[in-house]
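# Structure assessment
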Amino acid sequence: MGTTRRVPPRPPDPKEPPKRWWTPFRRTSSSISDVTRTSLLALVQSADAFPPLKSACGCVLTIWDTAERVRDSRNNAQALALRCFEILNVVADSVPNPSALSSEMKASLARFNE
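Residues numbered from 1 in each chain as written. Predicted model: local features only at pLDDT ≥ 70, side-chain atom pairs only at ≥ 80, totals over all residues. Heavy atoms only, no water.

## Section: the overall build of the protein
Convention followed: What counts as a helix is a DSSP run of H or I of at least four residues, what counts as a strand is a run of E of at least two, and both are numbered from the N terminus. Remark: exposure states derive from per-residue accessible area (1.4 Å probe, protein chains only) relative to the maximum for the residue type, with buried under 20%, exposed over 50%, and partly exposed in between. We call two residues contacting when some pair of their heavy atoms lies within 4.5 Å. Surface accessibility in these figures is a Shrake-Rupley result with a 1.4 Å probe; residues are shielded only by whichever protein chains are displayed.
The number of helices and strands found in the protein is 3 helices and 0 strands. Counting from the amino terminus, helix and strand elements in the protein follow one another as α-α-α. Across the 114 residues of the protein, 7% fall into the buried class. Counted over contacts in the protein with a minimum sequence separation of 6, partners at least 24 positions apart contribute 33%. For the protein, the computed accessible surface area is about 10400 Å², with 61% contributed by carbon and sulfur atoms.

Below you can see the structure in the form of structure tokens.
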């Protein structure tokens, strides 16, 4: 009769977070950001009794909006640059002999590429 050898449990991986029952309910940075923004908006609307608080919250919200616009503009600019690069590649692939292009067309493509 053979004996069954018991395998010891594997030690937890230090890089992996522990599995707990509340793991699915962890707050994400976006939910914390939403709660913070909502709280600041509520403070701005209800802080008439203390004008410095209202001003400070309004200032923070203005800076927040500006930062979001900058981030969105940067993302849009990157998407536009990628699209321009794709268009240039399509144009380059569609021209069988680049030396046959007119000088005006070459100048237009050079300006587009800048």
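Still more to cover.
## Description of the confidence of the model for the protein
In plain terms, the rule: Per residue, pLDDT captures the predictor's confidence, and it can take any value from 0 to 100.
Overall, the prediction assigns the protein a mean pLDDT of 79, with 76% of residues at 70 or greater. The element-level mean pLDDT for the protein is lowest in helix α3 (residues 103-113), coming to 80, with helix α2 (residues 51-94) highest at 87.

## Focus on the pattern of salt bridges
For the record, the criterion: A pairing counts as a salt bridge when a side-chain nitrogen of Lys or Arg comes within 4 Å of a carboxyl oxygen of Asp or Glu.
A complete count under the given rule lists 4 salt bridges for this structure. The salt bridge partner of Asp65 is Arg37, with a shortest N-O separation of 2.4 Å. In this pair, Asp65 is assigned in helix α2 and Arg37 in helix α1 (residues 29-46), connecting sequence segments 28 residues apart. Across the pair Arg71 and Asp72 runs a salt bridge, and its minimum N-O distance is 3.5 Å. Given a relative accessible area of 44%, Arg71 falls into the partly exposed group.

## As for the packing of α2 against α3
Short version of the rule: To obtain each axis, a line is fitted to C-alpha atoms, and for helices this fit is confined to the stretch in contact; angles are then taken between N-to-C directions over 0 to 180 degrees. When an angle is under 35 degrees it counts as roughly parallel; over 145 it counts as roughly antiparallel; between 65 and 115 it counts as roughly perpendicular; any other value is oblique. Helix crossings are classified by the rotation of the near helix relative to the far one: an anticlockwise turn of less than a right angle makes the crossing left-handed, while a clockwise turn makes it right-handed. Each residue is assigned to one class: nonpolar for Ala, Val, Leu, Ile, Met, Phe, Trp, Tyr, Cys and Pro, charged for Asp, Glu, Lys and Arg, and polar for all the others, Gly among them.
It is the contact of α2 with α3, at a shortest axis distance of 10 Å, that shows an interaxial angle of 155°. Taken as axis vectors, α2 and α3 run roughly antiparallel relative to one another. The interaxial crossing formed by α2 with α3 has left-handed handedness. In this structure, α2 contributes Cys84, Ile87, Leu88 and Val91 to the contact, and α3 contributes Leu109, Phe112 and Asn113. Looking at the contact of α2 with α3, its residues break down into 6 nonpolar, 1 polar and no charged.

## Some points on the state of the cysteines
Rule in force here: Working definition: a disulfide is two cysteine sulfur atoms within 2.5 Å of each other.
Overall, the coordinates contain 0 disulfides when judged by the stated rule. This cysteine, Cys57, is not joined by any disulfide, and Cys59 carries the nearest cysteine sulfur, 9.9 Å off. For Cys57, a relative accessible area of 5% gives the class buried.

## Regarding the packing of aromatic side chains
Quick reminder of the rule: Only the six-membered ring of Trp is used, alongside the rings of Phe and Tyr, when aromatic pairs are assigned; centres must lie within 6.5 Å, and planes under 30 degrees apart are stacked while those over 60 apart are edge-to-face, with the rest tilted. To sit over a ring, a charge needs its Lys NZ or Arg CZ within 6 Å of the ring centre and within 35 degrees of the ring normal.
On inspection of all chains with the given rule, the structure shows 0 aromatic pairs. The side chain of Arg37 reaches across the aromatic face of Trp64, ending 5.4 Å from its centre.

## Focus on the nonpolar core
Just so we agree on the cut-off: Remark: nonpolar core denotes a set of buried residues (Ala, Val, Leu, Ile, Met, Phe, Trp, Tyr, Cys) joined through side-chain atoms within 4.5 Å.
Core analysis: the biggest nonpolar cluster contains 5 residues, these being Leu40, Val44, Cys57, Leu61 and Trp64. Here the element with the most residues in this core is α2; it accounts for 3 residues. If near-sequence neighbours (up to four positions away) are discounted, Cys57 is found in contact with Leu40, Leu43 and Val44.

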